[in-house]
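Reading the structure
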Amino acid sequence: MNEQPHILVVDDDREIRDSLAKYLTKNEYRVSIAADARAARKILSAASIDLVVLDIMMPGEDGLSLCQYIRQSSDLPVILLTARDDDMDRIVGLEVGADDYVTKPFNPRELLARIKTVSRRTNALPPRMRPVQEKTVRFADWTLNLSQRELIGADGVAVPLSAAEFQLLSAFLDHPRMVLSRDQLLDITSGREARVFDRAIDNQVSRLRRKVEVDPQIPVLIKTVRGGGYMFTGEVERA
């Protein structure tokens, strides 16, 4: 059995693809390469990939769109490559589900360090419990539509969720009755960008409670675990 992690490098620049493939192979990774999103989708459907290194600026379907597709169908880690030191690129990338980003030009050693860090974070999380083909998750009086990213109440009215709130709620529903630390939840919802805000996850949990709890001041679905983090205690039904 081949235990080497399998990395998919997606970039329309042949020199970057080839040099990264050579460098990562030298550092004991298996590497597949794709010049565009179409080729990447074919590889993702046919091979077992452990992490994707994905360029944002590509002809045709861009990296942000492909990242969103990956995130909607799996928890596969994604590191974005951006040619601009632009806050908007980073923010949008994190909002669509990227785990980290590297700004071009970059040192391959920095990218390798990011790959190792993201892989460690991902492996530390409890296993994903929701099959990718599921469309809805029900809890209490709520239904979360996964494909539409909508939270529907018992009255049929949709409650808007931000990207971070959707990712946070999905994480809780994927791991019911499991304690998730603040670091794990930050990694799921915002990546390393949120590290500058010590209480970022507490603020997100507070906003989510105001939407799903009968009384946000006395939460029964999302419990605080002293010294541990948070735990979702509700019954979850998958369809």
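Before reading on, note that the structure itself is shown above.
Residues numbered from 1 in each chain as written. Predicted model: local features only at pLDDT ≥ 70, side-chain atom pairs only at ≥ 80, totals over all residues. Heavy atoms only, no water.

**Concerning the overall build of the protein**
Helix and strand counts for the protein come out as eight helices and 12 strands. The buried share of the protein, reckoned over its 239 residues, is 46%. (Helix = DSSP H or I, 4+ residues; strand = E, 2+ residues; numbered from the N terminus. Buried < 20%, exposed > 50% of the residue type's maximum accessible area, 1.4 Å probe, protein only.)

**Side note on the packing of aromatic side chains**
For the structure on display, the rule yields one aromatic pair. Between the aromatic rings of F139 and F232, the centroid separation amounts to 5.6 Å while the plane-to-plane angle is 80°, which identifies the pairing as edge-to-face. Residue F139 is located in strand β6 (residues 136-139), and its partner F232 is located in strand β11 (residues 229-232); the two are separated by 93 residues in the primary sequence. By relative accessible area, which is 1% here, F139 ends up buried. (Phe/Tyr/Trp six-rings, centres within 6.5 Å; stacked < 30°, edge-to-face > 60°.)

**Side note on helix α2 (residues 37-46)**
Among the residues of α2, those classed as buried are A37, A40 and I43. Within α2, the buried residues cover an arc of 120° as seen down the axis, which keeps them to one side. Turned more than 90 degrees away from the buried face of α2 sit R38, K42, S45 and A46, all of them exposed. Against the buried residues of α2 lie β1 (6-10), β2 (30-34) and α3 (63-73). Near the N-terminus of α2, the side chain that reaches the backbone nitrogen of R38, with its oxygen 3.3 Å away, is that of D36. (Arc of directions from axis to C-beta. Contact = heavy atoms within 4.5 Å. Polar contact = N/O pair within 3.5 Å; in protein donor to acceptor, adjacent residues only side chain to side chain.)

**Description of the packing of helix α6 (residues 163-174) against helix α8 (residues 200-212)**
At a minimum axis distance of 10 Å, the contact between α6 and α8 shows a crossing angle of 85°. With respect to α8, the element α6 is oriented roughly perpendicular. On the side of α6, the interface is formed by A164, E165, L168, L169 and F172, while α8 contributes I201, Q204, V205, R207, L208 and K211. For the contact of α6 with α8, a count of residues per class yields seven nonpolar, one polar and three charged. (Axes fitted to C-alpha atoms, helices over the stretch in contact; angles between N-to-C directions. Parallel < 35°, antiparallel > 145°, perpendicular 65-115°, else oblique. Nonpolar A, V, L, I, M, F, W, Y, C, P; charged D, E, K, R; others polar.)

**A closer look at the sheet that holds β1**
With parallel pairing, five strands are arranged side by side in an open sheet as β2-β1-β3-β4-β5. Of all the strands in the sheet, just β2 and β5 (100-103) have a single pairing partner and so form its edges. Ignoring which end each strand starts from, the neighbouring axes of this sheet average 20° apart. Strand contacts of helix α1 (residues 14-26): β1, β2 and β4 (78-82), with the helix running at about 170° to β2, the strand carrying the most contacts. (Pairing = 2+ DSSP bridges.)

**Things to note about α8**
Here α8 is 13 residues long and its end C-alpha atoms lie 19 Å apart, about the 18 Å a rise of 1.5 Å per residue gives. Regarding α8, the residues found buried are A200, I201, D202, Q204, V205, L208, R209 and V212. (Expected span 1.5 Å × (residues − 1).)

**Concerning the sheet that holds strand β12 (residues 236-238)**
Spatially, the five strands line up as an open sheet ordered β9-β8-β7-β6-β12, and their pairing is antiparallel. Two strands lie at the open edges of the sheet, namely β9 (158-159) and β12, each paired on one side alone. Where β6 lies against strand β7 (residues 142-145), four bridges are found, and the strand directions are antiparallel. Residue V137 lies in a different strand from β7, and its bridge partner there is L144. Running at roughly 110° to β7, α6 makes contact with β6, β7, β8 (150-152) and β12 of the sheet.

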